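Per-entry structural report
Listed here are the chains, written in short residue letters.
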Amino acid sequence: MYEYPIKAMQTENTDKGRLQINVTSALGATPISGATVAIYYTGEPEKELEEVTTNDSGQTAELELSAPPLEYSVEPSEQQPYSEYTIEVTAPGYEPVEVSGAEILPNVTALQSIQMRPRQEGEDYERFVIPAHTLFGDYPPKIAEAEIKPVNETGEIVLSRVVVPEYVVVHDGVPTDSSAANYWVRYKDYIKNVASSEIYATWSDAAIRANVLAIMSFTLNRVYTEWYRNKGYDFTITSSTAFDHKWINGRNIFENISQIVDEMFGNYLSRPNVKQPILTQYCDGQRVTCPNWMSQWGSQYLGEQGYSAIEILRNYYGSSIYINTAEEISGVPYSWPGSDLTVGSRGQKVLQMQEQLNRIAQAYPALPVIAEDGIFGPATENSVRIFQSIFGLPSTGIVDYPTWYKISEIFVGVSRIAELTS
């Protein structure tokens, strides 16, 4: 079993990270243009570093901010590997929002989503305080469980097939804490949040993918086995590291992690002749060791050595583990066509995509309205490129798997105003 080398970090120079803020209304996921965004060092509210406004898509330009040296986050270090900033957002007619402790890592782009609620009489502002990252802060280690759950017990409810849910219900505390709030969180957003809370976005691509696959497989095991609901609880998963993963309400995510999740969110880990996703447990591998599970720091070391994501996972979970694909994606109007749509493509899937882009354009004026003719021409390609640039995808103009499902996600979000306000 490979482990990582520990090396002291002496350098005191700082690097730069990037931050983009995306501001939407809590009603209908529509962008808020002209919102004022102020950035401060956390703990220094009198020292404003930046003040910017959002564009028609509710976004700021990418801001460059100081961050600690890269080596603090790519190898174990006693130094805090990220800098912390406070973000204040105001907009006419909405309650102000403050996020304290947004994490900026060097050489990567942090994405901070802000959802603003229409102003209510007597309400002041909404504040999120982001605790320490799990690799830097002090969190309880995972309580060991069997990686495969029994599914033949009397009265146990188990899904008939593996389905990626539209939402998971996150209990923000240990299972028995009845005072902890439950949050409905889109599945992909949950995975992005957990990955950004538990690994560093500066890690190798293979290490990030291995950890994302482990997080998704664990989560889908909770979904598939109805683990908590079978125990009488009304949630899918908790935010306690002793039981599940660390999910942090209101925290920023990172662009490269977001893109990897968008690409892989239909996947999970399997073993031969086992239907359920594997409950892939792990530990940091530095303060806590776990010989039969994945070491997070160890995965980074192996990624730096050139191991692929599946090679990293097999190093820890054994050679029989493999990547599987869910049979169904919930909450989308139309399923993935099975191959990329590009200039020259024709048919019903192109028409479905064009209709959804035009509905999104009603909320996002930067997106041009296009002909709904089922023909993928230059105008459709241009619309796809603009959509991809707004929503953090590579601007290829090709509707690949991540783009198809991102279009579906945004379409559903902007189409649900009546449902959200009912």
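Residues numbered from 1 in each chain as written. Predicted model: local features only at pLDDT ≥ 70, side-chain atom pairs only at ≥ 80, totals over all residues. Heavy atoms only, no water.

**A short note on the sheet that holds strand β4 (residues 63–67)**
If you trace the four strands from one edge of the open sheet to the other, you get β4-β1-β7-β13, paired in mixed fashion. Looking at which strands have only one partner, the edges of the open sheet turn out to be β4 and β13 (253–254). Relative to β13, strand β7 (residues 109–116) runs antiparallel, the two being bridged by two bridges. Across the sheet, the residue bridging to L111 is I253, located in β13. (Pairing = 2+ DSSP bridges. Helix = DSSP H or I, 4+ residues; strand = E, 2+ residues; numbered from the N terminus.)

**Some details on the environment of E126**
Relative to the elements of secondary structure, E126 occurs in strand β8 (residues 126–129). Along the primary structure E126 and K246 are separated by 120 residues, whereas in three dimensions their C-alpha atoms are 22 Å apart. Those residues in contact with E126 that lie beyond four places of it in its chain are P96, V97, E98, Q115 and R117. (Contact = heavy atoms within 4.5 Å.)

**What about helix α8 (residues 378–390)?**
Taking 1.5 Å of rise per residue, 13 residues should cover 18 Å, and α8 covers 18 Å from first to last C-alpha, within 8% of that figure. Inspection of α8 places T380, S383, V384, F387, Q388 and I390 among the buried residues, and these make up the whole buried set. Axial view of α8: buried residues confined to an arc of 160°, hence all on one face. Those residues of α8 hidden inside the fold are in contact with α7 (348–361) and α9 (401–414). Looking one or two residues beyond α8, the residue adopting positive phi is G392, at roughly 75°. (Expected span 1.5 Å × (residues − 1). Buried < 20%, exposed > 50% of the residue type's maximum accessible area, 1.4 Å probe, protein only. Arc of directions from axis to C-beta.)

**A word on the packing of helix α2 (residues 187–198) against α9**
Interaxial distance between α2 and α9 falls to 12 Å at its minimum, and their mutual angle equals 110°. Here α2 lies roughly perpendicular to α9, going by the angle between them. From α2, K188, D189 and K192 reach across to α9, where they touch Y405, K406 and E409. Across the contact of α2 with α9, the residue classes tally to one nonpolar, no polar and five charged. (Axes fitted to C-alpha atoms, helices over the stretch in contact; angles between N-to-C directions. Parallel < 35°, antiparallel > 145°, perpendicular 65-115°, else oblique. Nonpolar A, V, L, I, M, F, W, Y, C, P; charged D, E, K, R; others polar.)

Read these as layout, nothing more, since geometry by itself doesn't imply function.
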